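Residues per chain, in single letters:
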Amino acid sequence: RRGYPPVGSKVAFHNPIFGEMRNFTLHEVVAGNINVWAGPKSTPANVEVALKAAHIYANTYDISELRPVPESSSWMDHECKVFGSMPFMYTCSNRINMLLLECGFENAFVMSWDYLRNFPGPATNESIANHDIVFYMCNDILEADPNPYAAANTFAHELAHVIQGGFGHTFGTMTEGGATWLEGALLRLPPRPMVYAWGFRDWNEINAAHFYANTKELHARKFYQIHAMFLTYLMQEELLGTAFTSALQTYATFNNDDQPWGRSAYDYFLGRMGKSEPTSFHPVQLDTNSVDYPFADALVNYRVAIAAACIKEGARRPTQAEYLLPAHVRGRPYWDCSSYPTFWSAEFGASVVNASRKMHYGGAAVYRLAMPQGATISVAPDADPEVRTKVLAAGDEHGTSAEVHELRPGESVVLGGYAREVFVVQVNVDPKGEVISEAEVDPLWRHTTVDGERAWMMAGAQEGEEYLPDVVQGLLTPVLRVPAYGTASVDFQAWWDLEAESVDGSKVCSGCYAKGYDGLQVRIHSYEDGVDASELDAAKIQVVRPEGGYGSGPGGEAAIHAFFDGGIYGADEVCSNFEGWTGKSSSTSTVAKNVSLDAFAGKQIRIEFLFV
C-alpha cells in the first residue's frame, strides 16, 4: 500500500503546466481520504477555499442538505455508490490528491494517465507521486470564484472523470455530459444552466446544432448541458433508471479500436429499456436505413419532454414519463420557453405554412402555437423523411388531457378540445448521421511548398492551426521494390512542432520510460513475394530508426505515450517500437533525415510516416 508523509511535509509532484517537478506541501487529510496539497505559488486564501471545498465534498460538517439521498452520507459517498468506484486498484492507495497549482488560466482538471501509467498493472515502489489519483485545481479559478461550494462541485465533476477513466476510454461528449450530469441531477443539485460559460446568440441555433458538436465556435460547447439533461431525462425509473444510465456513460473499453461511440452505446442501452439487466453481452447492429431506432426514439421524446416543461400547470402536461423530465425538475423549464418561434391564434383563420429550420444530426426545432382551438397540424408529403415530428398538445381548462401525436410525411392530426397550447417538435434522426465514409474524412496530410520544394505537411484543418486532437493517421508511399544488392535508403527533409517534450519519470509500459505524449515515427510495410501488396493487412510492419535516432530525454527516455494509448502497440512490445519524434525540431528550417532500407533488400515495401 502506498504511504503518505505527515501533514506539513513537502513532496515533489510533476507540474504538467510547466513540465517540471515542484514541491507541494500537504496541508490536511480531509475525511481520511483527501490529501490537500498546495504548490509554492498558492496563497493562504487559496488553501482555505480548497480545504472548505474538500470538507463540503466529504460532508465532514454532517449537513443534511449535502446528503443527496438519505442512504448516502455525502457527495463523495453518493458519487462512489452510484457513478462508480474510484480506480484505487491502479494506485495502491485509498486517497485522492488535490493539488493547488499555478496555471495561468482558470480551470481544474484530472489526467487518467496519472493512475494508468502502468496499465494494466498498478503503481510500484518506483512510481512517482503523480502515479495516483490527482485533481489539479488552478489557483486562478479559486481566485476568480472563491465560493467553496463551487469548488466542491468542480471537484465532484473532475472526480467523475477519474471514475470514467478507470472503466476505459469513450468519446468526449459522453464523458463531459456524464460528469455534468453527476454535478447536477445525480447529486440532487440544480442542473448546470444553459447560460453557464461561453454565451451564445440564439437558443434555436443551439437546439438545431449537431448533437455531438463540442466547440465554442460551433455552439459554445453546450453539449455539456444538453447531454447532462439527456441523461437526467433517462435516469427516470420508468425509463433507464439511475443504475443503467450511469452504466451507459461509463460503458467503455481500454481497447481504442473498440471504443463505444454514440449510437453504439446509446442503442445498446436504450434497446433494453424496460428489460432486466443482461447476463451476457451481445453487440447491437446499427440500423442505418430506418428512422425507428432506439436512440432516435429517445432523442425525439427527450425534446418533447423539454418542451413539456414549458407547460406551466402540471395537470396539463402529458402523464407518460417518456414525455416528461424527472419530477424534481419537471416544473422548472430547462430551456428558455420564450425562445421557441411562437405563432399566435388571436385572428380568425390564422395559419402557419411551411415552417422549417435547418437541423444537424440530433438537432431539433420546436415551434409553439399559442392557444389555438381545433388546430390541424400536418407534415407535407415531400418533407424530409429523416426528420421525425411529434405534436405535443397541452390539456385545456375544461379537462381535455394532454396529447402527443407522431406525424410522418403526408400525415396530419386535428386537435379537439378548447384553446390549448401546442408544441411541434422536430428532430433530425438521419440513420446515417453517425456513418462516415472515407471521402468525408479531412486528411491530416496535405501538399505544401517548403524551401521551394513540393512537400507533404501534417497540420490542422487550416494552415496556422494546431493539429487535430486524437488523430492516428499515416502517410503511406506507393509500393516500392528495394534493390536486392548494394545499399538503399530513403532520404527526406523533416521539420516538426508537436506537443512539448515531457520527461516526468512515467513509463509507456514496463521499462520504457517516456519523453512525451504525441509523436511521429517511420515504419516500413514489407511484403513477401507472391503477396498482393494492395492488401494493407498482408504487410509485416516494422518501426525503423533514422540515422541518429529520434532523440531522447536527459536520462535516455525515448518512448511516446500515444503509441500505446492510441492502441498502435501493446504492452509486450519492445521499447524501440514506442520511439518517435516529439516536441519541436531544433532548427527553424528543415533537417535532412536518412533511413536505411538494407534490411529489406529485394522486398516490396511501403514507407509510412505515422502520426499519433
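See the structure shown above.
Just so we're clear, the structure is a prediction, and the values are computed from it rather than from any experiment.

Enquirer: Teacher, can you tell me more about the state of the cysteines here?
Expert: A covalent bond between the sulfur atoms of two cysteines is what we call a disulfide. All chains considered together, the criterion is met by three disulfides. Residue Cys310 pairs covalently with Cys337 via a disulfide, S to S 2.0 Å. An S-S torsion of about -90° defines the bridge between Cys310 and Cys337 as left-handed. Pair noted here: Cys310 is in the loop between α12 (294-308) and β7 (342-344) and Cys337 is in the loop between α12 and β7, with a separation of 27 residues, a long-range link. Side by side, Cys310 and Cys337 carry an identical accessibility label, which is buried. The side chain of Cys512 participates in a disulfide bridge whose partner is Cys575; the two sulfur atoms lie 2.0 Å from each other. In this structure, the disulfide formed by Cys512 and Cys575 twists by about -90° around the S-S bond and is classed as left-handed. Here Cys512 is found in strand β20 (residues 512-516), whereas its partner Cys575 is found in the loop between α13 (561-565) and β24 (591-596), with 63 residues between them in sequence.

Enquirer: Looking at this structure, I do not really get the packing of helix α11 (residues 263-270) against α12. What am I missing?
Expert: Pairs of packed helices are described in terms of their axes, by the angle between the two and the distance that separates them. Running from N to C, α11 and α12 point in directions that differ by 85°, and their axes come no closer than 8 Å. Overall, the two elements α11 and α12 adopt an arrangement that is roughly perpendicular. Seen from α11, the contacting residues are Arg263, Tyr266, Asp267 and Leu270; seen from α12, they are Pro294, Phe295 and Ala298. Class assignment of the residues belonging to the contact of α11 with α12 gives a composition of five nonpolar, no polar and two charged.

Enquirer: Looking at this structure, how should I read the sheet that holds strand β19 (residues 507-509)?
Expert: Sheet strands associate in pairs through backbone hydrogen bonding, adopting either a parallel or an antiparallel arrangement. Strand order in the open sheet formed by three strands is β19-β20-β23, with mixed pairing between adjacent strands. Two strands lie at the open edges of the sheet, namely β19 and β23 (559-560), each paired on one side alone. Judged from the two bridges that link them, β19 and β20 form a sheet pairing that is antiparallel. Its bridge partner lying in β20, Lys507 is registered against Tyr513.

Enquirer: Got a minute to help me understand the nonpolar core in this structure?
Expert: Most often, soluble globular proteins keep nonpolar side chains buried together rather than apart. Of all hydrophobic cores here, the largest spans 115 residues; its most connected members are Ile34, Tyr57, Phe230, Leu248, Tyr266, Phe295 and Phe578. The biggest single contributor to this core is α12, with 11 residues. Filtering out sequence-adjacent residues up to four positions away, Ile34 remains in contact with Glu28, Val29, Ala54, Tyr57, Ala58, Met76, Ile96 and Phe155. By size, the runner-up hydrophobic cluster in this structure holds 24 residues, among which are Leu475, Ala488, Leu520 and Val522.

Rules and cut-offs
Residues numbered from 1 in each chain as written. Predicted model: local features only at pLDDT ≥ 70, side-chain atom pairs only at ≥ 80, totals over all residues. Heavy atoms only, no water. Disulfide = S-S within 2.5 Å. Helix = DSSP H or I, 4+ residues; strand = E, 2+ residues; numbered from the N terminus. Buried < 20%, exposed > 50% of the residue type's maximum accessible area, 1.4 Å probe, protein only. Axes fitted to C-alpha atoms, helices over the stretch in contact; angles between N-to-C directions. Parallel < 35°, antiparallel > 145°, perpendicular 65-115°, else oblique. Contact = heavy atoms within 4.5 Å. Nonpolar A, V, L, I, M, F, W, Y, C, P; charged D, E, K, R; others polar. Pairing = 2+ DSSP bridges. Core = buried A, V, L, I, M, F, W, Y, C linked by side-chain atoms within 4.5 Å.

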